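Each chain, written out:
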Amino acid sequence: MKVAQVAGFLGSGKTTAMMKIVDGLMRKGLRIAIVVNDVGEISVDAKFIESHGLKAKEISGGCICCQIAGTFADTLVSLHKSFDPDIVIVEPSGVAIPWGLKRAAEYSEEKGNIVIEHAPVITLVDPTRIGMLMKAVRRLVETQIREADVCFINKADAAAEADIETTREFIKSINPKAEIGLMSSKTGLGIDRAIQLIAGCRSDRYDESMEREMLKKQYGGGSHA
Ligand SMILES: Nc1nc2c(ncn2[C@@H]2O[C@H](COP(=O)(O)OP(=O)(O)OP(=O)(O)O)[C@@H](O)[C@H]2O)c(=O)[nH]1
Ligand SMILES: [Mg+2]
């Protein structure tokens, strides 16, 4: 069972993009389930999604990449047993860490008879709020970018060209290896690429030593700014 995460800070456009992506994946004939992790008090996403006739599970009460990783793993096991999706698309909370989520997904292998495969980690970055992101929540956003395989500069329809370029340089400085694309759920830009990546590509398994190395670079004054 393949697990695909669409990461990004609060309000970066995850739910909106995910619905478009899911639509495209289903058109390919794939069985898709959705898991949404809400850490806030208002949680309407899963209901909204189910109202569109999709299989959706909502997990609340904490972050699925850390606090309630076990609940997430149980959810994957139960989805596998009851629905057997080809791909589970996960919308982590806006504060989740991509590799933590990979590790949590892999817990489900111990709990159920499943083999987990990861789709490329997609992180959405909102260029219309890049100033705030680089200041107020910089460490978190850096981690979401660093642990991504692909970063989409989202809301391209509404962003100023200069902010798109600032965002691109910010992403490059943190993760030079990541593919960078533009996305807009309004115009459909980038959605096909995301569908292609999720359906056709894979990402590495969680690797603790790699995470330690990255954290050292991020917090330990390594050569990467
Ligand atoms: N202009 C523009 N606005 C967008 C786009 N995608 C999302 N938005 C808007 O951005 C806001 C947040 O979108 P969501 O999809 O709810 O973002 P999210 O990342 O799921 O938000 P949380 O789950 O609260 O973290 C909404 O007001 C959307 O209408 C886009 O491509 N272009
Ligand atoms: Mg959302």
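Structure first, text after, so check above.
Let me sum up the structure you'll find in this document. Sequence order sets the numbering: in each chain, residues are counted from 1 along the sequence as written. Here the convention is simple: chains get letters from A, ligands get numbers from 1, in the order in which they are written. Only residues with pLDDT of at least 70 are given local features in this predicted model, and only at 80 or more are side-chain atom pairs given and counted; all residues enter the totals for whole chains, interfaces and linings.

### Points about the overall build of the protein chain
- The helix and strand labels rest on DSSP assignments: H or I over at least four residues marks a helix, E over at least two residues marks a strand, and numbering proceeds from the N terminus. When its secondary structure is counted, the protein chain shows nine helices and eight strands.
- Computed over the C-alpha atoms, the radius of gyration of the protein chain is 17 Å, within 12% of the 17 Å expected from 2.2 N^0.38 for a compact globule of 225 residues.
- Across its three principal axes, the protein chain shows a C-alpha extent of roughly 45 × 40 × 35 Å.
- Comment: burial labels come from other C-beta atoms within 10 Å of the residue's own C-beta, placed from the backbone, where a count of 20 or more is buried, 12 or fewer is exposed, and between is partly exposed. Counting every position in the protein chain, which comprises 225 residues, the buried fraction comes to 43%.
- We call two residues in contact whenever the C-beta atoms placed from their backbones are within 7 Å. For the protein chain, the proportion of contacts with a sequence separation of at least 24, taken over those separated by at least 6, is 77%. Radius of gyration: C-alpha atoms only; globule rule: 2.2 Å multiplied by the number of residues to the exponent 0.38.

### What to know about the environment of Val150
- Mapped onto the elements of the fold, Val150 is located in strand β7 (residues 150–153).
- By C-beta crowding, Val150 is classed as buried, having 23 other C-beta atoms within 10 Å.
- For the pair formed by Val150 and Phe83, sequence separation is 67 residues and the distance between their alpha carbons is 28 Å.
- Discounting residues that sit within four places of it in the chain, Val150 has contacts with Pro120, Ile122, Ala178, Glu179, Gly181 and Leu197.

### Considering the site of ligand 1
- As a structural note, the neighbourhood of ligand 1 is formed by 16 residues, with Gly13, Lys14, Thr15, Thr16 and Ala158 the closest of them.
- Ranked by residues supplied to the shell around ligand 1, first place goes to helix α1 (residues 14–27) with three residues.
- Grouping the constituent residues of the shell around ligand 1 by class yields two nonpolar, ten polar and four charged. Near, as applied to residues and a molecule or strand, means the residue's backbone-placed C-beta atom lies within 6 Å of it. Gly counts as polar in this scheme, as do all residues outside two lists: the nonpolar Ala, Val, Leu, Ile, Met, Phe, Trp, Tyr, Cys and Pro, and the charged Asp, Glu, Lys and Arg.

### Some thoughts on the pairing of strand β2 (residues 32–38)
- Within β2, six of the seven residues are buried, leaving the element largely enclosed by the surrounding structure.
- A strand pair is defined by DSSP finding two or more bridges across the two strands. Taken together, the five bridges between β2 and strand β4 (residues 87–91) define a ladder with parallel strand orientation. Each residue of the ladder has a partner; that of Ile34, found in β4, is Ile89.
- In this structure, β2 lies alongside strand β3 (residues 55–60), joined through six bridges in parallel fashion. By the bridge assignment for β3, Val35 is matched with Lys57.

### Brief notes about unusual backbone geometry
- The phi torsion at Asp84 lies on the positive side, around 50 degrees, for a residue other than glycine.
- One can find Asp84 in the loop between α3 (69–82) and β4.
- Phi at Lys155 takes a positive value of approximately 55 degrees, unusual for a residue other than glycine.
- Accessibility expressed as a C-beta count within 10 Å gives 25 for Lys155, which makes it buried.

### Describing the packing of α1 against helix α8 (residues 191–200)
- Lines fitted to C-alpha atoms define the axes here, with helix axes fitted over just the stretch in contact, and angles between the N-to-C directions of these axes take values from 0 to 180 degrees. Between α1 and α8, whose axes approach to 9 Å, the crossing angle comes to 60 degrees. Taken as axis vectors, α1 and α8 run oblique relative to one another. By crossing handedness, the relation of α1 to α8 is classed as right-handed. Contacts from Lys20, Ile21, Gly24 and Leu25 in α1 reach Ile191, Asp192, Ala194, Ile195, Ile198 and Ala199 in α8.
- Broken down by class, the residue content of the contact of α1 with α8 amounts to seven nonpolar, one polar and two charged. Just so you know how the angles are binned, under 35 degrees is roughly parallel, over 145 roughly antiparallel, 65 to 115 roughly perpendicular, and the rest oblique. In this scheme, a crossing is called left-handed if the near helix is turned counterclockwise away from the far one by less than a right angle; it is called right-handed if the turn is clockwise.

### As for the pairing of β7
- Neither face of β7 is left uncovered, since the one carrying Val150 and Phe152 and the one carrying Cys151 and Ile153 both have all their residues buried.
- Across four bridges, the pairing between strand β6 (residues 122–125) and β7 is parallel. Paired with Val125 across the strands is Ile153, a residue of β7.
- Bridge count between β7 and strand β8 (residues 179–182): four bridges; the pairing is parallel. For Cys151, the partnering residue across the bridge sits in β8 and is Ile180.
- Traced from β7 through helix α7 (residues 161–174) to β8, the parallel crossover comes out right-handed. Throughout, right-handed denotes a crossover for which the path from the first strand over the helix to the second runs clockwise when the strands point away from the viewer.

### Concerning α1
- Multiply 1.5 Å by the residue count of a helix minus one, and that product is the helix's expected span. Between its terminal C-alpha atoms α1 stretches 20 Å, which fits the 20 Å expected from 14 residues at 1.5 Å a residue.
- Along α1, the residues that are buried comprise Lys14, Ala17, Met18, Ile21, Val22 and Leu25. Taken around the axis of α1, the buried residues stretch over an arc of 135 degrees, which confines them to a single face.
- Lining the buried residues of α1 we find β1 (2–8), β2, β4, β6 and α8.
- Looking at the residues trailing α1, positive phi occurs at Gly29, about 85 degrees. Throughout, the arc means the angular range of directions from the helix axis out to the C-beta atoms.

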